[in-house]
Amino acid sequence: MKNKKNATEKDKPNKKTVIKTVKMCALIFAGCILYSIGVALFLDPSELASGGATGISIMINYVIKKYTGFDFGTGWLILIINVPLFIVGAIFFGKKFIISSAVATAVSSGMIELWSYTLAPLMPETNNMLIPVIVGGVLYGAGVGFIFKAGSSTGGSDIIIKLLHKRFRHIKPGIISLMIDAVIVGASAFIYKDLEILFYTTLCIFIFSISFDFVLYNTSSAKLVYIITTGDKADAICAHILKDLDIGATLVDGTGAYSKDGRTVILCAIKNHLYPRLIDVIKAEDPAAFTIVSSAKEIYGEGYKTGEDDI
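These numbers come from a predicted model, not from an experiment.

The rules behind the values
Residues numbered from 1 in each chain as written. Predicted model: local features only at pLDDT ≥ 70, side-chain atom pairs only at ≥ 80, totals over all residues. Heavy atoms only, no water. Helix = DSSP H or I, 4+ residues; strand = E, 2+ residues; numbered from the N terminus. Polar contact = N/O pair within 3.5 Å; in protein donor to acceptor, adjacent residues only side chain to side chain. Contact = heavy atoms within 4.5 Å. Axes fitted to C-alpha atoms, helices over the stretch in contact; angles between N-to-C directions. Parallel < 35°, antiparallel > 145°, perpendicular 65-115°, else oblique. Left-handed = near helix turned anticlockwise from the far one by under 90°. Nonpolar A, V, L, I, M, F, W, Y, C, P; charged D, E, K, R; others polar. Salt bridge = Lys/Arg side-chain N within 4 Å of Asp/Glu carboxyl O. Buried < 20%, exposed > 50% of the residue type's maximum accessible area, 1.4 Å probe, protein only. Core = buried A, V, L, I, M, F, W, Y, C linked by side-chain atoms within 4.5 Å.

**Digging into the side chain of Thr229**
Within the element layout of this structure, Thr229 appears in strand E1 (residues 222-229). A polar side-chain atom of Thr229 sits 2.5 Å from a polar atom in the side chain of Asp286. Non-local contacts of Thr229, meaning those with residues more than four positions away in its chain, are made with Ala234, Ile237, Arg263, Thr264, Ile266, Asp286 and Ala289.

What follows is the structure in structure tokens.
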């Protein structure tokens, strides 16, 4: 009876799991709202085929409207294009990733259609293409960034990128994404036959990338700091690092090549907003400390990215 009770309690989701799930859903929902508004109110009306399945859908819907006069709906096209990709993705990446991505894609596609019929007709007209390029690119990038931050995706080229990156590990996902977007943007030049649109689309993708990276990686961006000091002062510096800055550090014993004196090397990764406080600590405890600082492009571990974040 006791074992049965323990098994039942074990099966219940703990508080941390519930909170994590709620945060994930909130991020995905917020991302869907920003992404759908960016597409429905700015990119689609301005015919900005900004890469990925979204860009392909915008172009296809443009062709359909041009030759038939019928607006099929960019949101529905995004959903249709993603169906076969989700099937392939489920085979290689498992159900959890695909289910969350399918939900994000379905919700954002529905919202695109909703905003297209409700808010888009109320939007004031403008002849300045920079407005949809900048606003649409920022909203689109931020929305996709939030969705990625939650461990999901908007499907489309994201799944293709994951597949290619799995096969060609030496090629960075960003390079693969750039190559795919270059093909889509190149195709838009032939479909729209407008070099001005091509220029604005390229600019929009650039803005999207900045917005996406800011949302996804800004909180993980950090500096790698080597502090070369003496043993007694290393203890004081480490005390501040652990207690006041609440970050970890690694101590390495070293020897001066010229003086042959013993040295302690403190190695720590610190987020950008905490870095000035670390410098103040070093100056206060050991002004003569030799400090090497570099940018840490990617950090995996507690407080930063996990291995699952690397697509």
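**Points about the packing of helix H2 (residues 15-43) against helix H6 (residues 130-149)**
The N-to-C vectors of H2 and H6 enclose an angle of 155 degrees; their axes lie 7 Å apart at closest approach. With respect to H6, the element H2 is oriented roughly antiparallel. Crossing of H2 against H6: the hand is left-handed. Together, Leu27, Ile28, Gly31, Cys32, Leu34, Tyr35, Ile37, Gly38, Val39, Phe42 and Leu43 of H2 and Pro132, Val135, Gly136, Gly137, Leu139, Tyr140, Ala142, Gly143, Val144, Phe146, Ile147 and Lys149 of H6 make up the contact between the two elements. Of the residues that constitute the contact of H2 with H6, the class distribution is 17 nonpolar, five polar and one charged.

**So, the pattern of salt bridges**
In this structure the tally under the stated criterion is one salt bridge. Taking the shortest distance from any N to any O, the salt bridge between Lys233 and Asp286 comes out at 3.7 Å. Linking Lys233 in helix H10 (residues 231-243) with Asp286 in the loop between helix H11 (275-285) and strand E4 (290-296), this pair joins segments that are 53 residues apart in sequence. Relative accessible area serves as the criterion here: at 33%, Lys233 is assigned to the partly exposed category.

**Observations concerning unusual backbone geometry**
The phi torsion at Lys193 lies on the positive side, around 50 degrees, for a residue other than glycine. By the secondary structure assignment, Lys193 is in the loop between helix H8 (173-192) and helix H9 (195-217). The residue Asp246 is not glycine, and still its phi comes out positive at about 55 degrees. Structurally, the position occupied by Asp246 is in the loop between H10 and strand E2 (250-255).

**A few points about the nonpolar core**
Side chains of a nonpolar character, in soluble globular proteins, are inclined to be buried together. Judged by nonpolar contacts, the single largest core of 38 residues is most densely connected at Tyr35, Leu43, Tyr140, Val144 and Tyr192. If you list the elements that add at least two residues to this core, you get H2, helix H3 (52-68), helix H5 (95-118), H6, H8 and H9. With eight residues, the single largest contributor to this core is H2. If we ignore the near neighbours within four places in the chain, the residues touching Tyr140 are Leu34, Tyr35, Val39, Leu43, Ser50, Gly51, Thr54 and Phe208. Residues Ile227, Ile237, Ile247 and Val281 belong to the second largest nonpolar core, which totals 17 residues.

**Quick notes on the packing of H3 against helix H4 (residues 74-93)**
The interhelical angle for the contact between H3 and H4, taken along N-to-C directions, is 125 degrees, at an axis separation of 9 Å. Taken as axis vectors, H3 and H4 run oblique relative to one another. Handedness of the crossing formed by H3 with H4: right-handed. Residues Ala53, Thr54, Ile56, Ser57, Ile58, Ile60 and Asn61 of H3 form the contact with H4, whose participating residues are Thr74, Leu77, Ile78, Ile81 and Asn82. Residue classes in the contact of H3 with H4 are distributed as seven nonpolar, five polar and no charged.

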